Amino acid sequence: MLFSPPKSISSEHKDVIHDVAFDHYGRRMATCSSDQFVMVWDKEQGDDNWKKSAEWKAHSGSVWKVAWAHPEFGQVLATCSFDRTAAVWEEIVGESYNIIGQKHWARRTNLVDSRTSVMDVKFAPKSLGLLLATCSADGVIRIYEAPDVMNLAQWTLQQEVPCKYQASCISWNPSYTRERRCTKYFKLNNSDKKEGEMKIHDLDNGYANYPFMVEDPDSYIVVPQVPMLAVGFDDQNCGANNRVVILQNITRLRRWNKTECSTSVTDHCTSSVTDPVHDLAFAPRLGRSYDLLAVATKDIKLYILCQIMNSSFATVKFKLHLAANFEGHNSTVWRISWNSVGSILVSSGDDRCVRLWKQCPVGPHDKSEDERGVSSPAKSLDSAQGQGRKYHWKCVGVIKAEGLNI
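Since we're looking at a predicted model, the values are computed, not measured.

Draft legend 1. Here's a closer look at the overall build of the protein chain. When its secondary structure is counted, the protein chain shows three helices and 27 strands. Put simply, of all contacts in the protein chain between residues at least 6 apart along the chain, 56% involve residues at least 24 apart. For the protein chain, the accessible surface area stands at approximately 19,000 Å², while carbon and sulfur atoms represent 49% of it.

Draft legend 2. Representation of the nonpolar core within the structure. Among the nonpolar cores identified, the biggest contains 21 residues, and Ile141, Trp172, Leu229, Phe233 and Leu247 are the most heavily contacted of them. Elements that contribute at least two residues to this core include exactly strand E10 (131-136), strand E11 (140-145), strand E13 (167-172), strand E16 (228-233) and strand E17 (244-250). Non-local contacts of Ile141, meaning those with residues more than four positions away in its chain, are made with Thr134, Cys135, Gln159, Glu160, Val161, Cys163, Leu229, Val231 and Leu247. Of all hydrophobic cores here, the second largest spans 20 residues; its members include Ala281, Tyr290, Ala296 and Phe326.

Draft legend 3. Main features of the sheet that holds strand E25 (residues 353-361). With antiparallel pairing, four strands are arranged side by side in an open sheet as E23-E24-E25-E27. If you trace the sheet from one side to the other, it starts and ends with strand E23 (333-338) and strand E27 (391-400), each paired once. On average, each strand axis in the sheet is tilted by 25° relative to the strand beside it, whichever way the strands run.

Draft legend 4. Spatial organisation of the packing of aromatic side chains. Within the structure shown, the criterion is met by nine aromatic pairs. Aromatic pair Phe326 and Trp393: ring centres 5.7 Å apart, planes at 50°, arrangement tilted. Within this pair, whereas Phe326 is found in strand E22 (residues 316-326), its partner Trp393 is found in strand E27, the two being separated by 67 residues in sequence. The buried category is assigned to Trp393, whose relative accessible area is 6%. One aromatic cluster is present, formed by Trp56, Trp68, Trp89 and Trp105 through successive ring pairs.

Draft legend 5. Structural detail: unusual backbone geometry. Positive phi, normally seen in glycine, also occurs at Glu12, with a value near 70°. Position of Glu12 among the secondary structure elements: in the segment before strand E1 (17-22). Its identity is not glycine, yet Gln36 carries a phi of approximately 75°, on the positive side. Note on placement: Gln36 falls in the loop between strand E2 (28-33) and strand E3 (37-43).

Draft legend 6. Inspection of the pattern of salt bridges at higher detail. Going through the model one piece at a time under the given rule, you end up with 15 salt bridges. The closest approach of N and O atoms between Lys103 and Glu91, which form a salt bridge, is 4.0 Å. Note that Lys103 is positioned in the loop between strand E7 (86-91) and strand E8 (105-111) and Glu91 in strand E7, a separation of 12 residues in sequence. For Lys103, a relative accessible area of 26% corresponds to the partly exposed category.

Draft legend 7. Structural context of the confidence of the model for the protein chain. For the protein chain, per-residue confidence averages 79 on the pLDDT scale, and 72% of positions sit at 70 or higher. Across residues 262-270, where pLDDT falls below 50, the model places 26 contacts with residues more than four positions away in sequence or in other chains. This stretch, residues 378-389, has a pLDDT under 50; its non-local contacts, to residues over four places away or in other chains, come to 27 contacts.

Draft legend 8. Inspection of the environment of Asp148 at higher detail. In this fold, Asp148 is placed in the loop between E11 and strand E12 (156-162). According to the relative accessible area criterion, Asp148 is partly exposed, its value standing at 40%. Separated by 18 residues in the primary sequence, Asp148 and Leu130 have C-alpha atoms spaced 8.6 Å apart.

Draft legend 9. Up close: the pairing of E1. Sheet topology places E1 next to E2; five bridges connect them, and they run antiparallel. When the sheet's bridge partners are listed, Phe22 is paired in E2 with Met29. Once E1 ends, the chain turns through five residues before running back antiparallel as E2, passing Gly26 with a positive phi of about 75°.

Draft legend 10. Examining the sheet that holds E17 more closely. A sheet is described by the order of its strands in space; here four strands give the open sequence E13-E16-E17-E18, paired in antiparallel fashion. Of all the strands in the sheet, the pair left with one neighbour each is E13 and strand E18 (255-258). When strand polarity is set aside, the average angle formed by the axes of neighbouring strands in this sheet is 25°. Here four bridges tie E17 to E18, and the two strands are oriented antiparallel to one another. When the sheet's bridge partners are listed, Asn249 is paired in E18 with Trp256.

Draft legend 11. Representation of the pairing of E27 in the model. Among the 10 residues in E27, seven count as buried, and that is most of the element. Where E25 meets E27, nine bridges bridge the pair, whose relative direction is antiparallel. The partner of Cys360 across the bridge, within E27, is His392.

Draft legend 12. Spotlight on the environment of Cys163. In this structure, Cys163 sits in the loop between E12 and E13. Separated by 82 residues in the primary sequence, Cys163 and Val245 place their C-alpha atoms 8.4 Å from one another. Ignoring anything within four residues of it in the chain, the contact list for Cys163 reads Gly139, Ile141, Phe233 and Lys258.

The rules behind the values
Residues numbered from 1 in each chain as written. Predicted model: local features only at pLDDT ≥ 70, side-chain atom pairs only at ≥ 80, totals over all residues. Heavy atoms only, no water. Helix = DSSP H or I, 4+ residues; strand = E, 2+ residues; numbered from the N terminus. Contact = heavy atoms within 4.5 Å. Areas by Shrake-Rupley, 256 points an atom, 1.4 Å probe, with all protein chains shown as cover. Core = buried A, V, L, I, M, F, W, Y, C linked by side-chain atoms within 4.5 Å. Buried < 20%, exposed > 50% of the residue type's maximum accessible area, 1.4 Å probe, protein only. Pairing = 2+ DSSP bridges. Axes fitted to C-alpha atoms, helices over the stretch in contact; angles between N-to-C directions. Phe/Tyr/Trp six-rings, centres within 6.5 Å; stacked < 30°, edge-to-face > 60°. Salt bridge = Lys/Arg side-chain N within 4 Å of Asp/Glu carboxyl O. pLDDT = per-residue confidence, 0-100.

Dropping the structure here:
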């Protein structure tokens, strides 16, 4: 995969840049730094140049994260900081530029419920309304709601979810459907397979749709209906079973609860998350019957999250399976992000490289897993299903900090 050479931007930040966020259309960019400033950049029409359109002092401490709301709600940003607050900002549309030719952003609200540093802030998918989630060093996840989207000065604390350890990052599941869909899962041994009879994974192109095993063959894979939020932890005292927590929203109770699989990320996995989590990201579902969750630690772990319902429709359980380890960085991975359709994962690490990972059909001349920088426990699942691997994950592109493709 070839890329045009990356362009450097003189940010004019006076300290370390902690986060970069693009808006919904990729035409605007926001940066935040330890210099306590936030800057907004606009991509100029007709070329790839970025022009700074606004900058302001946002907090009285280092600004850790910045996030854009969906443009349906206007030009809205959220920031969080070491000063124990999160803030919501809105661009004043139609107001004249200031004396240095920049647009004006107004602070609409200051969220001051945290007693420690607020480590991450994220807006929910627009289908859930104007919701905002924050996580703090005190281990509390807070969900805020704007009852009136036309009045961004009013935010209510919907719920606090204590998690005991220092939280570092959060990710909303962007895929949420109110439609209840389920797929029957069954398996047939080759000896039991009659002429003309096809297994369900034969019909669905196999490994891409059901890359995991279900203990009870007479069960259903249910497309998750509930909003979900994943939280990562970087506390050194946090155990392996508590590095990732997944919250689900119980609509009838209007409450966020931890899922059963949250306390044990090792469920059906050959390795757990034992290192501090720096970032995590749900992939857009786009027709899959399960969700993909990428977790950035000293490498990248890709998990499959699905709901299994038994044949009597009595119980529904979340199952978490480790699909692959991406070890190509050979160093700490700090940021990960999916493309808009959930087919390509982008990561950056201490090796000063940006890497792109994609699930591709297996070719006769493909490299081994070690050469691809990917290890996958799913090999045993393939053999258990009685079919060879049809798809695998591999690194399809690398961009070095100097701008060279390798």
